[in-house]
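# Remarks on the overall topology
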2 protein chains.
Amino acid sequence: MPCAFHIQTTAGPGRRGQLVTPHGTIETPVFMPVGTLATVKGIPQDLLEEIGPEIILSNTYHLYLRPGVDTVRKLGGLHGFMSWPRAVLTDSGGFQVFSLSELRKVKEEGVTFRSHLDGSSHFFSPESSMEAQIGLGADVIMAFDECTEHPADARRTRESMELTLRWTARSKKYFEDHKHDVPWKGLVQKDAQSDGAATQSLFGIVQGGMDLALRRESAERTIEIGFPGYAIGGLSVGEPRHLTREVVEATLQHLPADKPRYLMGVGTRAARHGLLFTSEGRISIKQARYAQDEAPLDPKCPCRVCQRYSRAYLRHLYAANEVLAQVLNTIHNLSFYLDTMRTVRQSISLGDVPRSPLAARQ
Amino acid sequence: MPCAFHIQTTAGPGRRGQLVTPHGTIETPVFMPVGTLATVKGIPQDLLEEIGPEIILSNTYHLYLRPGVDTVRKLGGLHGFMSWPRAVLTDSGGFQVFSLSELRKVKEEGVTFRSHLDGSSHFFSPESSMEAQIGLGADVIMAFDECTEHPADARRTRESMELTLRWTARSKKYFEDHKHDVPWKGLVQKDAQSDGAATQSLFGIVQGGMDLALRRESAERTIEIGFPGYAIGGLSVGEPRHLTREVVEATLQHLPADKPRYLMGVGTRAARHGLLFTSEGRISIKQARYAQDEAPLDPKCPCRVCQRYSRAYLRHLYAANEVLAQVLNTIHNLSFYLDTMRTVRQSISLGDVPRSPLAARQ
């Protein structure tokens, strides 16, 4: 049984809901911190639990290369391997092959590519991506798709979308045949939610480039194949920001009203570059003006960084390239994002229409 | 009033004591984690408090260059700047100038050197080192010395020792004239220990190279100048390990029985290189044999790393060069060192003679 999704309130395009997974219930809309290599960079899991995300995102491509799916499976899947009791989502590896690997060759059967680490040759197909994602054991896994490059002409965009649709059907078939091979199968039964999912859930991905008609067709035909949730893929590939919004808004209309939605690829690496979010706007902590600033980063933020350290100290850590800079900056930004999403959820509950679908990813 | 030192028990050369500083009482023998740039690399201060060190060590040379003494002073000294309520010790900068900087020129007045960061020219003297260390506001600060290189002939070793003795006297004079300029002066009065220090304490440093007679002379003449504590400097400069022990043992005999002793420069960067200490011996976590090892790093260790993560996960983090590897490895090794010192203190209390003075640094 896949994840259940309950909608409590809607306000315009905003939906306040709950996604019930084998590893806990997720309040939506939700922001997922990225834990590419089974770690949210620099943050121990007990601190991460305190910061509060109910779900994190890991990358199949990276984990397949290091430490390998077999290792993660033997250690109980991602939850056991990284000692993370809450929900996890993995991507299919398709986007990472598209963006990171070299000498990529796409054929009907799948993609041959070279590792960005050592140049070794590998092959991903819908079936091998499902096999990997079942071994990694995330609660939500993604169909194997081709991320269409930008710009792409009409013919190329359609061909790419058609390929993704065929791969999507193959992903679903393999998943249905093998979903009981998940490494935590036994564990979950005793912890399962009352109405809850006891298996992984596979989500489909809508492609179609920047062509709104193809986006609609891709959505309709992906829904026809049938999934418990749908993602909007193929964005943040170099297109201007207004186009991202336009494609998202147009695509959302064609997705089922009662299923979870996942907007892929709109994350940020701000913390690593010293860009910190506060209730008073963004702060670039590297600036000399903060060198002797005794104030906390954000006086209104309850996170452990703002409760303890000055801007002067954070500026020093960043300027000196100290490991603790990344740790503290990430703690703060994650806290800020999660607080922001809490506010968005409250607003929807109160009937406020979110300004943009980008502020209400679900 | 400088720090007080109370000895509870002795067992051979081992002494079980308490050092009372303006920022808390330190049980000795003690291991001091290194926080070079006002951070124990990768560890947030609240985690560090949990791990438990009662004193940490910061480096004047590094802090002088970044963020500058003036900034640290304005933020309340190291305690305020890094938000660390417990004791801190700073070195004098002499050893770092000796080991890190280029184009060093030693004269009677002091040392001209170039920054290892940007090649800019700087000057350290006993007076400027004291001024910097008073501004940084550590509880224990160190006299400005010349670390004699190894090997060095008899004449050079004596000249270097004599220079250190003159610099030591100048250090004391400047400190006595300026010790009330410490940035936390006002703060401490209300928190002061009942019998406790309300000012910084300046320790003298014994030099003399590997020459045991000069070590004795250096000790006696440093004691004559008079300090509340004494350090053994000039070791770990490339000499064989047995020689380090020999010099330490010989020098200890000439230090006052009732004053704290500080063995400088015998720290380790093991965690950063994946070398982890356990109750069953050292583990090099990078080894492939740990790739699928489900066991905790040290089954007997109560630290949060051993309580939560497998060797397989730690090996993965290290192999993938993840920031969390350094964070978790440091948490474990620090916990292990502090536990070891706890055991040493208990042994001394029970009358067991420590095997080597190197196991009982105080």
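Every chain begins its residue count from 1, and numbering advances along the sequence as written. Just so you know, chain letters begin at A and ligand numbers begin at 1, following the order they were written in. Only residues with pLDDT of at least 70 are given local features in this predicted model, and only at 80 or more are side-chain atom pairs given and counted; all residues enter the totals for whole chains, interfaces and linings. With hydrogens and water set aside, each side-chain value is computed from the structure's full complement of heavy atoms.

## Overview of the overall build of chain A
How we decide: The secondary structure listing takes helices from DSSP runs of H or I that are at least 4 residues long and strands from runs of E that are at least 2 residues long, numbered from the N terminus. In this treatment the radius of gyration is a C-alpha quantity, and the globule benchmark scales as 2.2 Å times the residue count to the 0.38 power. Only protein chains enter the calculation, and the probe is 1.4 Å; a residue is then buried if its accessible area is under 20% of its type maximum, exposed if over 50%, and partly exposed in between. In this description, contact between two residues means that some pair of their heavy atoms is separated by no more than 4.5 Å. Using the Shrake-Rupley algorithm and a 1.4 Å probe, accessible areas are obtained, with residue cover drawn only from the displayed protein chains.
Along its length, chain A carries 13 helices and 14 strands. The C-alpha atoms of chain A give a radius of gyration of 20 Å, which matches the 21 Å a tight globule of 362 residues would have. When the backbone C-alpha atoms are referred to their principal axes, chain A occupies close to 60 × 45 × 45 Å. A buried classification covers 59% of the 362 residues belonging to chain A. Partitioning the contacts of chain A with sequence separation of at least 6, the portion at a separation of at least 24 is 68%. With an accessible surface of roughly 14,400 Å², chain A has 50% of that area assigned to carbon and sulfur atoms.

## Some thoughts on the packing of helix 7 (residues 154–178) of chain A against helix 9 (residues 212–225) of chain A
All names here are of chain A. Put simply, the test is: Under this scheme, a helix contributes an axis fitted over its contacting stretch, all axes are lines through C-alpha atoms, and angles between N-to-C directions fall in the 0 to 180 degree range. Here roughly perpendicular refers to angles of 65 to 115 degrees, roughly parallel to angles under 35, roughly antiparallel to angles over 145, and oblique to all remaining angles. Helix crossings get a hand from a simple test, with the near helix turned counterclockwise from the far one by less than a right angle marking a left-handed crossing and a clockwise turn marking a right-handed one. In the scheme used here, Gly and all other residues not listed as nonpolar or charged are polar, with Ala, Val, Leu, Ile, Met, Phe, Trp, Tyr, Cys and Pro taken as nonpolar and Asp, Glu, Lys and Arg as charged.
Following both chains from N to C, one finds helix 7 and helix 9 inclined at 10°, their axes separated by 10 Å at the closest point. Taken together, the axes of helix 7 and helix 9 lie roughly parallel to each other. Between helix 7 and helix 9 lies a crossing whose hand is right-handed. Residues Ala154, Thr157, Arg158, Met161, Glu162, Leu165, Thr168, Ala169 and Lys172 of helix 7 pack against Leu214, Glu217, Ser218, Arg221, Thr222 and Ile225 of helix 9. A class-by-class count of the residues in the contact of helix 7 with helix 9 yields six nonpolar, four polar and five charged.

## Focus: unusual backbone geometry
Residue A:Pro29 follows A:Thr28 across a cis peptide bond; omega there is 0°. Along the chain, A:Pro29 turns up in the loop between strand 3 (24–28) and helix 1 (45–51). Of note, the bond from B:His150 into B:Pro151 is cis; its omega dihedral lies within 30 degrees of zero at 0°. One non-glycine residue, A:Ser83, lies in positive phi territory at about 55°. In this structure, A:Ser83 sits in the loop between helix 4 (77–82) and strand 5 (87–90). A relative accessible area of 17% means that A:Ser83 is categorised as buried. At B:Asn321, a residue that is not glycine, the phi angle is positive and equals roughly 60°. Since its relative accessible area comes to 69%, B:Asn321 is described here as exposed.

## Details of the confidence of the model for chain A
Residue and element names in this part refer to chain A. Here is the rule: A score between 0 and 100, pLDDT records how confident the predictor is in each residue.
Looking at chain A as a whole, the pLDDT averages 93, with 94% of positions reaching at least 70. Note on residues 189–194: pLDDT is under 50 here. Beyond four places in sequence and across chains, it has four contacts. Residue range residues 357–362 is modelled with pLDDT below 50. Its contacts to residues more than four positions away, or to other chains, number 25 contacts.

## Observations concerning the interface of chain B and chain A
Selection rule: Summed over both partners, the accessible area (1.4 Å probe) lost when two parts come together is defined as the buried area. One side-chain nitrogen of Lys or Arg within 4 Å of one carboxyl oxygen of Asp or Glu is enough to make a salt bridge. By the criterion applied in these results, polar contacts are pairs of N or O atoms within 3.5 Å in which, for protein atoms, one can donate a hydrogen and the other can accept it, and in which residues neighboring in sequence qualify only through two side-chain atoms.
Each side of the interface is counted separately: chain B has 40 residues, and chain A has 40 residues. Taken together, both faces of the contact between chain B and chain A bury some 3,400 Å²; the carbon and sulfur share is 54%. The three residues of chain B that bury the most area against chain A are B:Gln292, B:Arg308 and B:His316, which together make up 19% of that side's buried surface. The tally of links from chain B across to chain A stands at six salt bridges. For the salt bridge of A:Arg304 with B:Asp46, the shortest nitrogen-to-oxygen distance reads 2.3 Å. Our count for the contact surface shared by chain B and chain A stands at 22 residue pairs in polar contact (both at pLDDT 80 or more). At the level of secondary structure, the elements contributing two or more residues to the side of chain B that touches chain A comprise helix 1 (45–51), helix 3 (69–74), helix 4 (77–82), helix 11 (304–308), helix 12 (311–319) and helix 13 (323–349) of chain B.

## Quick look at the environment of A:Leu163
For A:Leu163, the location among the structural elements is in helix 7. If we ignore the near neighbours within four places in the chain, the residues touching A:Leu163 are A:Val106, A:Glu108 and A:Glu146.

## As for the environment of A:Arg261
All names here are of chain A. Along the polypeptide, arginine 261 turns up in strand 12 (residues 261–263). For arginine 261, a relative accessible area of 14% puts it in the buried group. Arginine 261 sits 33 residues away from proline 228 along the chain, and the two C-alpha atoms are 9.6 Å apart. Looking at arginine 261, its side chain comes within polar contact range of the main-chain oxygen of proline 256, at 3.5 Å.

## Considerations on the sheet that holds strand 1 (residues 4–11) of chain B
Residues and elements named next belong to chain B. Spelled out, the test is: The pairing criterion for strands is at least two bridges between them, as found by DSSP.
Strands sit in the order 1-2-3 across an open sheet of three strands; the sheet is antiparallel. The open sheet is flanked by strand 1 and strand 3 (24–28), the only strands paired with a single partner. Across the sheet, the axes of successive neighbouring strands diverge by a mean angle of 10°, strand direction being ignored. Inspection of the sheet shows strand 1 paired to strand 2 (residues 14–21) by seven bridges, in the antiparallel sense. Bridge pairing in strand 2 places alanine 4 opposite valine 20. Helix-sheet contacts for helix 13 involve strand 1, strand 2 and strand 3, and the interaxial angle to strand 2 is about 115°.

## Side note on the relation of the copies chain B and chain A
Which entries qualify depends on this criterion: To superpose the copies, least squares is applied to the C-alpha atoms of every residue with a pLDDT of at least 70 in both.
Of the transformation superimposing chain B on chain A, the axial component is 0.0 Å and the angular component is 180°, with the fit at an RMSD of 0.0 Å. Overall, the copies show the geometry of a two-fold rotation axis. Every residue of chain B has its C-alpha some distance from the rotation axis, and the shortest such distance is that of B:Val323, at 3.6 Å.

## Things to note about the packing of aromatic side chains
All names here are of chain B. Which entries qualify depends on this criterion: Geometry of aromatic contacts follows a simple scheme: Phe, Tyr and Trp rings, the Trp one being its six-membered ring, pair when their centres are within 6.5 Å, and the pair is stacked under 30 degrees between planes, edge-to-face over 60, tilted otherwise.
With the rule as written, the count across this model stands at 24 aromatic pairs over all chains. When the ring of phenylalanine 113 is compared with that of phenylalanine 124, the centres are 5.0 Å apart and the planes differ by 65°; the resulting orientation is edge-to-face. A residue pair is termed long-range when its members are at least 10 positions apart, and phenylalanine 113 in strand 7 (residues 111–114) and phenylalanine 124 in strand 8 (residues 121–124) qualify at eleven residues. Like phenylalanine 124, phenylalanine 113 is buried. With a centroid separation of 6.3 Å and 20° between ring planes, the pair formed by phenylalanine 277 and phenylalanine 336 is classed as stacked.

## Examining the side chain of B:Ser92
All names here are of chain B. Locating serine 92 in the fold gives a position in the loop between strand 5 (87–90) and helix 5 (94–100). Among the residues examined, serine 92 registers a relative accessible area of 2% and is labelled buried. At 3.1 Å, the side chain of serine 92 and the backbone nitrogen of glycine 94 are in polar contact. From its side chain, serine 92 meets the backbone oxygen of alanine 143 in a polar contact 3.4 Å long.

## Topic: the pattern of salt bridges
Summed over all chains, the structure comprises 45 salt bridges over all chains. As a salt-bridge pair, A:Arg158 and A:Glu217 come within 2.6 Å of each other at their nearest N and O atoms. On the criterion of sequence distance, the pair formed by A:Arg158 in helix 7 and A:Glu217 in helix 9 is long-range, its members being 59 residues apart. The class of A:Arg158 is partly exposed, set by a relative accessible area of 33%. One salt bridge in this structure joins B:Glu146 and B:Arg156, with 3.1 Å as the shortest N-O distance. Linking B:Glu146 in the loop between strand 9 (140–142) and helix 7 (154–178) with B:Arg156 in helix 7, this pair joins segments that are ten residues apart in sequence. Salt bridges here are not isolated pairs; linked through shared partners, they connect A:Arg158, A:Glu162, A:Glu217 and A:Arg221.

## Notes on the sheet that holds strand 3 of chain A
Residue and element names in this part refer to chain A. Within the open sheet, the three strands sit side by side as 1-2-3. Their pairing is antiparallel. Only two strands of the sheet have a single partner each, and these edge strands are strand 1 (4–11) and strand 3. Ignoring strand direction, the axes of neighbouring strands in this sheet form an average angle of 10°. In terms of strand pairing, strand 2 (residues 14–21) meets strand 3 through five bridges, oriented antiparallel. Across the sheet, the residue bridging to glutamine 18 is glutamate 27, located in strand 3. On the sheet, helix 13 (residues 323–349) packs against strand 1, strand 2 and strand 3 and is oriented at approximately 115° with respect to strand 2.

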